[in-house]
Amino acid sequence: MDNKIINNIKALGIDMINEAGSGHPGIVLGAAPIIYTVYANHMNINVNDPKWINRDRFVMSAGHGSALLYATLHMAGYNLSIDDLKNFRKINSKTPGHPEYDVTPGVDMSTGPLGQGLATAVGMALAGKVLNQKYKFEKKSAFDAERSLIDYKVYVLCGDGDLMEGISYEAASFAGHLNLDNLIVLYDSNNISLDGETSNTFSENVLDRFKAMGWYVDLVKDGGSIKDIDRAIDKAKKSMKPSLIEIKTVIGKDSAWEGTNKVHGKVLENDDIVRLKGKLLVPSNPFYVDETLMNYFRTKIIERSNKKYEVFSQNYNEYTKNGSNSDSMKSLFNNEIKINLFNHDWNFDYETKEATRVSNGKILNEIDRMIPNLIGGSADVSSSTNVYLTYRSDIKNNNFDGKNIWFGVREHAMGAILNGLALNGFRPFGSTFLVFSDYLKPAIRMSALMNLPVTYIFTHDSVNIGQDGPTHQPIEQLSSLRLIPNFNVYRPADSKEIIGCYQSIFNSNKPSALILSRHEVQTLKNTNMEETLKGAYIVRKEINKLHGIIIATGTEVHTAHYIAKELYEQEGLDLRVISMPCVEIFRNQSEEYKKELLPIGYKTFVVEAGSSSIWHEFVYNEKYLITIDKFGASGTKDQVLDYCDFNYEQIKNKIKKLLK
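These notes cover the structure that comes with them. Quantities reported herein were computed from a predicted structural model and do not represent experimental measurements. (Residues numbered from 1 in each chain as written. Predicted model: local features only at pLDDT ≥ 70, side-chain atom pairs only at ≥ 80, totals over all residues. Heavy atoms only, no water.)

**A short note on the overall build of the chain**
A count of helices and strands for the chain gives 24 helices and 20 strands. A compact globule built from 660 residues should have a C-alpha radius of gyration of about 26 Å, and the chain, at 28 Å, falls within 12% of that. By its C-alpha atoms, the chain is 90 × 65 × 45 Å across when sized along the principal axes. The proportion of buried residues among the 660 residues of the chain is 61%. (Helix = DSSP H or I, 4+ residues; strand = E, 2+ residues; numbered from the N terminus. Rg over C-alpha atoms; globule rule 2.2 N^0.38 Å. Buried < 20%, exposed > 50% of the residue type's maximum accessible area, 1.4 Å probe, protein only.)

**Some points on the pattern of salt bridges**
A complete count under the given rule lists 35 salt bridges for this structure. Close ionic contact of R491 with E608 constitutes a salt bridge, the shortest N to O distance being 3.9 Å. In this pair, R491 sits in the loop between β13 (488-490) and α18 (495-506) while E608 sits in the loop between β19 (603-607) and β20 (625-626), placing the two residues 117 residues apart along the sequence. By relative accessible area, R491 is classed as buried at 0%. Of the charged contacts in the structure, one is a salt bridge between E542 and K541, with a shortest N-O distance of 3.5 Å. Looking at E542, the relative accessible area reads 15%, which means it is buried. Each member of the salt-bridge network shares a partner with another, and the members are D461, R482, R491, E556 and E608. (Salt bridge = Lys/Arg side-chain N within 4 Å of Asp/Glu carboxyl O.)

**Focus: the sheet that holds β20**
Read across the sheet, five strands follow the order β16-β18-β17-β19-β20 without closing on themselves; strand pairing throughout is mixed. Whereas interior strands pair on both sides, the edge strands pair on one side only; in this sheet they are β16 (537-540) and β20. Bridge count between strand β17 (residues 548-552) and β19: five bridges; the pairing is parallel. Pairing of A552 across the sheet is with V607, part of β19. Against the sheet, helix α24 (residues 648-659) contacts β17, β18 (575-579), β19 and β20, and its axis sits at roughly 165° relative to β19. (Pairing = 2+ DSSP bridges. Contact = heavy atoms within 4.5 Å. Axes fitted to C-alpha atoms, helices over the stretch in contact; angles between N-to-C directions.)

**Topic: the side chain of T627**
In this structure, T627 sits in the loop between β20 and α23 (637-643). Looking at T627, the relative accessible area reads 12%, which means it is buried.

**Points about the packing of aromatic side chains**
Aromatic rings in a pair are described by how distant their centres are and how their planes are angled relative to each other. The full count for this structure, using the stated rule, is 19 aromatic pairs. Taking the centre distance of 6.0 Å and the plane angle of 25° together, the rings of F312 and Y316 count as stacked. With F312 and Y316 both in helix α11 (residues 291-319), this residue pair falls four residues apart, about one helical turn. Note on F312: relative accessible area 7%, which makes it buried. With a centroid separation of 5.5 Å and 15° between ring planes, the pair formed by Y502 and F506 is classed as stacked. Taken together, the positions of Y502 and F506, both in helix α18 and four residues apart, correspond to about one turn of that helix. Its end group placed over the ring of Y391, R369 keeps NZ or CZ at 3.8 Å from the ring centre. Over the ring of Y643 we find K630, and its NZ or CZ is 4.2 Å from the ring centre. (Phe/Tyr/Trp six-rings, centres within 6.5 Å; stacked < 30°, edge-to-face > 60°. Lys NZ or Arg CZ within 6 Å of the ring centre and 35° of its normal.)

**Quick look at the nonpolar core**
L126 and L183 are the most contacted members of the largest nonpolar core, which totals 77 residues. Among the elements that take part in this core, helix α5 (residues 116-134) stands out by supplying 10 residues, more than any other. Not counting the four nearest positions on each side in its chain, L126 is found in contact with F174, L178, L180, I395, F400, I405, I417 and L421. Of all hydrophobic cores here, the second largest spans 65 residues; its members include V38, F58, W257 and V263. (Core = buried A, V, L, I, M, F, W, Y, C linked by side-chain atoms within 4.5 Å.)

**Some remarks on unusual backbone geometry**
One non-glycine residue with positive phi stands out, namely D102, at about 65°. Relative to the helices and strands, D102 resides in the loop between α4 (82-86) and α5. Residue class for D102 comes out exposed when judged on its relative accessible area of 56%.

**Description of the packing of helix α3 (residues 66-76) against α11**
Where α3 meets α11, the closest approach of the two axes is 8 Å, and the angle between their N-to-C directions is 80°. Between α3 and α11, the angle is such that the two are roughly perpendicular. Where α3 approaches α11, its residues T72, H74, M75 and A76 are matched on the opposing element by M294, F297, R298 and I301. Tallied by class, the residues present in the contact of α3 with α11 amount to five nonpolar, two polar and one charged. (Parallel < 35°, antiparallel > 145°, perpendicular 65-115°, else oblique. Nonpolar A, V, L, I, M, F, W, Y, C, P; charged D, E, K, R; others polar.)

**Brief notes about the sheet that holds strand β1 (residues 57-60)**
Read from one edge of the open sheet, five strands run β1-β2-β3-β7-β6, paired in parallel fashion. Lying at the two open borders of the sheet, with one neighbouring strand each, are β1 and β6 (216-220). Along the sheet, successive strands turn relative to each other by an average axial angle of 15°, direction set aside. Strands β1, β2 (154-159), β3 (183-189) and β7 (243-248) of the sheet are contacted by helix α2 (residues 25-41), whose axis makes an angle of about 155° with β3. Here helix α9 (residues 226-238) sits on the sheet in contact with β2, β3, β6 and β7, set at roughly 175° to β6.

**Regarding the layout of surface pockets**
Its volume calculated, the largest pocket comes out at about 560 Å³. As for the largest pocket, its lining consists of 26 residues, of which K129, N132, S148, I150 and D151 are closest to the centre. The class makeup of the residues in the lining of the largest pocket is seven nonpolar, 10 polar and nine charged. (1 Å grid on protein atoms, 1.4 Å probe; cavity = no way out; pocket = protein on both sides within 12 Å on 5 of 7 lines; lining within 4 Å. Points joined across faces, edges and corners; volume = space filled by probe spheres on them.)

**Thoughts on the environment of F400**
Mapping F400 onto the fold places it in the loop between α14 (382-385) and β10 (404-406). Residues within four places of F400 in sequence aside, it is in contact with L126, K129, V130, Q133, L178, L180 and I395.

**Considerations on the pairing of β17**
The buried count for β17 comes to five of five residues, which makes it a mostly enclosed element. Because side chains alternate across β17, one face comprises the buried residues G548, I550 and A552, and the other comprises I549 and I551, equally buried. Bridge count for β17 against β18 is five bridges, and the pairing is parallel. When the bridges of β18 are listed, I551 appears paired with I578. Regarding topology, helix α20 (residues 556-571) serves as the crossover connection from β17 to the parallel β18, and that connection is right-handed. (Right-handed = clockwise from strand over helix to strand, strands pointing away.)

Here it is as structure tokens:
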């Protein structure tokens, strides 16, 4: 029966690819026994409650195997019809070309960029360990067994491409360090990649590499043997370490292109499909499903998983009898946070100068007291980015009762791990220097694609960091982050605007970046927490007659404010200064509000210590862009600003000249 179901899954996957005219038949024919064994014998799921919080997670890190996943989900009983399978790779279908979160029932994350799935699964596993620790039942006696509300496992199907990507090494190293024993990676090892045999590019001993990183490893020599795969997973589940099981498979098994790179991403010929189905003993008519086999598969899942689901329901009812426990669980289930930071007494100091990274650290620690599912850390720079949660303990090997994560120098994996945490109910944050945001850009893109409430905190936001030189001085990073769809980039001017930014961030489920300075500034009396929510607002209004407008962000708001004051007093030039902490939010304001802030017919300048590329929409021509479009240099802050034509006098004189 098991082999017949596997063959039916293979046939469905091939039919989907043939109907779409594109796809990846190789993994469908090679890895079907792996995915079937996981779902039939191990995954605890409820197809009628696909978001069940204690379900086991499955991540198709080799996202090109989507047809295999969808065929399996259909056979397993998820709300995925034959018509859905026929619409594979068609627009607005439930079966897109690569798995997409919140599109297909049973898909736990969007995958496709290789390595992202495996690395995000590490975040899911970490979330599981933290939740397991957080939602434990108190023992009534010393003889009681330890119980927790949450105890799920994370299964990953990956290929050679995932393991070649650097992010998988970063994430695997992190998982081994923390002993994430609820993570089981199934490595579809077929010695073939898109361009040819992996011997051309990939000759390391993968099992030895993972073993050296603290993983339990195993080898299944026959990837077609359900018995061997099943036994290996059983052993992995008993291990006290994260597990990697290498399973030797044959790509495109039983097709004319079996064992070659041709079958990776090329649709099979029609006569080959007929011959293949004959060998699989599946009727040749497209999208055939044997109801008896499908019911057998579904029954296996139900008989095992229903027991787990019932126990969870009982435990949940017991746990939430306490009202505070119930509130905590609701925030986790719904990821809905409603906080009002404006009602808090922040006691602003208008005299002391302070870098916004320092102000942010103090504010974040206050917010931590208000948000139970806040969690995060930095890529080994918390002492510089100031994101350490002072009142919380650290997450360490075998101790997950904390909120501070030590990611190490693993920026790319940090981003993916944050995504995994967000997929499991947390409001995570991660931090590094702005110039290093490039290291984790693919993970940020996945945050935006999945609409996950991840907050990226980037400090050292401009060339004025000085003597570290151009390798550490961001230029294009701000603009490149702003180009990501469904992603808000906040660059606050001072502590009041930081609070306004967080009010926006934590009352939204969108991903975001918070850009902070090393440069010290005072809190301005004219900045406004509430107005920050509009994305832009006036911090200095003209006194008599409007001569021009300066748009600025971050610490440049201070520069613009003092220049406007000086030009009015010395030259009689009356300037409006607008702080624009979030361009994306301002663009979504009403046309009336935009015209109120930026009336037509007035000279408008933009002052920002970064690339000019996104600012042209606000100015008449590029002469009014006072930005930096070249790399910086090593020197003192003042020397670097001079070199970049961006010191106070240079900015003031350019504005004065253009106004006159």
